Amino acid sequence: MKRFEYSRANAPEQAAISASANNASFIAGGTNLLDLMKLEIETPTKLVDVTRLELAQVETTDDGGLRIGTLVTNSDLAANPEVIANYPVLSRTILAGATGQLRNKATTGGNFLQRTRCYYFYQTDSACNKRNPGSGCPAIDGENRTLAILGTSDACIAQHPSDMAVAMRLLDATIETVKADGSTRKINVKDFYCLPKDTPHIETVLESGELITHVVLPAPIKGMHTYDKVRDRASYAFALLSCAAVIDVDDKGHLATVRLAFGGIGTEPWRNEAVEALLVGTDGNDEVIKQAADLLLEEAKGSGQNDFKIPLTRRLFKQVIGRALAGKGA
Ligand code: SF4
């Protein structure tokens, strides 16, 4: 591991100023960052410890939503009574990720910033455009079984690894930040991630030293909340494919609300509102489901080993909607 400076911040603005120096990183749970530092994939010259900031509360907002401090641990957020009662899909996504020990350390803000688990990204003697821009992408013609089929580019096909962020995209969450100049901004999760295009090393719109302080959820959405995760092991494994859903069916058996977000198949948490609009008001018959799945997968591109994700997505898509129409939870 490379040597680095360490400082502890007492206020969010101070943390942002401290971390605005070249190649500084914030550290909270450190569950991904420390591994990356040990492998010298990330080599910050300075770590700014934000764990003492007063950002570990969950509060209700005036419009009935929730404002979650960035330091709320994954375990605490999953077990929060408001989350369990009103945003069960969020609790389920968190509990589907990692292990109890990791969830006890990992924080809400940090979860959004997890790096991909593409094998080549962690194999420092291989090329990788994300780790070493311009060096190439061996995954496209190599080991790509776990990688993305949507949002990919000729430079990178790495999947986004987070479960929690899939629910945050589904729920239309907004990320609040503070910058080194003291200004703040609000970024919808929809606009937070960058597609890889020809700059896969740039993963979010965050600027140098910009600190996530809170995540705000709008008022709860009525309907059945489910999270399905397809993976190689029943626990402690990343998603090959996942689907977070909120679906409400009216008394005539028609889909009144449909929200669907996918993990494991996109270079970012994947949601397509046009697909949802196609389903709303219908009875979810086979033809409609096929049309909606066609639209979802219109630009899907397999790279060989991960081709199976395309038919697998179709099957899960049909299962999630069919189950909601039948009135059965996950
Ligand atoms: Fe690197 Fe992305 Fe290619 Fe994986 S898919 S080797 S992360 S450039």
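Residues numbered from 1 in each chain as written. Predicted model: local features only at pLDDT ≥ 70, side-chain atom pairs only at ≥ 80, totals over all residues. Heavy atoms only, no water.

### Points about the pairing of strand β6 (residues 174-178)
Counting buried positions along β6 gives 4 out of 5 residues, so the element sits mostly inside the fold. As paired strands, β6 and strand β7 (residues 184-188) are joined by 5 bridges and run antiparallel to one another. Across the sheet, residue Thr 177 finds its bridge partner in β7, namely Arg 185. Connecting β6 to the next strand, β7, in antiparallel fashion are 5 residues, including Gly 182 with a positive phi near 90°. Sheet topology note: the β6/strand β8 (residues 211-217) ladder contains 5 bridges and is antiparallel. Considered in β8, the bridge of Thr 174 is made with Val 216. (Buried < 20%, exposed > 50% of the residue type's maximum accessible area, 1.4 Å probe, protein only. Helix = DSSP H or I, 4+ residues; strand = E, 2+ residues; numbered from the N terminus. Pairing = 2+ DSSP bridges.)

### Looking at the packing of helix α11 (residues 286-296) against helix α12 (residues 309-325)
Between α11 and α12, whose axes approach to 10 Å, the crossing angle comes to 135°. Between α11 and α12, the crossing angle belongs to the class labelled oblique. For the pair α11 and α12, the crossing hand works out as right-handed. Residues Asp 286, Ile 289, Lys 290, Ala 292, Ala 293, Asp 294 and Leu 296 of α11 form the contact with α12, whose participating residues are Thr 313, Arg 314, Phe 317, Lys 318 and Ile 321. Its residues placed into classes, the contact of α11 with α12 shows 6 nonpolar, 1 polar and 5 charged. (Axes fitted to C-alpha atoms, helices over the stretch in contact; angles between N-to-C directions. Parallel < 35°, antiparallel > 145°, perpendicular 65-115°, else oblique. Left-handed = near helix turned anticlockwise from the far one by under 90°. Contact = heavy atoms within 4.5 Å. Nonpolar A, V, L, I, M, F, W, Y, C, P; charged D, E, K, R; others polar.)

### Here's the deal with empty space enclosed by the protein
Using the criterion set out here, one finds 2 cavities of 30 Å³ or more in the structure. In this structure, the largest cavity occupies an estimated 90 Å³ of space. Lining the largest cavity are 15 residues, with Cys 118, Cys 128, Cys 137, Cys 156 and Ala 158 sitting closest to its centre. Its residues assigned to classes, the lining of the largest cavity comprises 11 nonpolar, 3 polar and 1 charged. Contributing to the lining of the second largest cavity are His 160, Pro 161, Ser 162, Asp 163, Val 166, Tyr 227, Ala 239, Ser 242, Gly 263 and Gly 264. Looking at the lining of the second largest cavity, its residues break down into 4 nonpolar, 5 polar and 1 charged. (1 Å grid on protein atoms, 1.4 Å probe; cavity = no way out; pocket = protein on both sides within 12 Å on 5 of 7 lines; lining within 4 Å. Points joined across faces, edges and corners; volume = space filled by probe spheres on them.)

### Thoughts on the nonpolar core
The biggest cluster of nonpolar side chains holds 33 residues, and the ones touching the most others in it are Leu 77, Leu 90, Phe 112, Met 168 and Leu 217. Among the secondary structure elements, those contributing two or more residues to this core are β5 (66-69), α3 (74-79), α5 (88-95), α9 (164-170), β8 and β10 (241-249). A per-element tally of this core places α9 first, with 6 residues. The next biggest cluster of nonpolar side chains, apart from the first, holds 27 residues, and it includes Ile 149, Ala 245, Ala 300 and Phe 317. (Core = buried A, V, L, I, M, F, W, Y, C linked by side-chain atoms within 4.5 Å.)

### Here we look at the site of the ligand
By nearness alone, 13 residues border the ligand, and Cys 118, Cys 128, Cys 137, Cys 156 and Ile 157 come closest of all. One can see that the ligand is located within the largest cavity. Taken together, the residues that form the shell around the ligand break down as 11 nonpolar, 1 polar and 1 charged. (Near = heavy atom within 4 Å. Sits in = over half its atoms within 2 Å of the grid points.)

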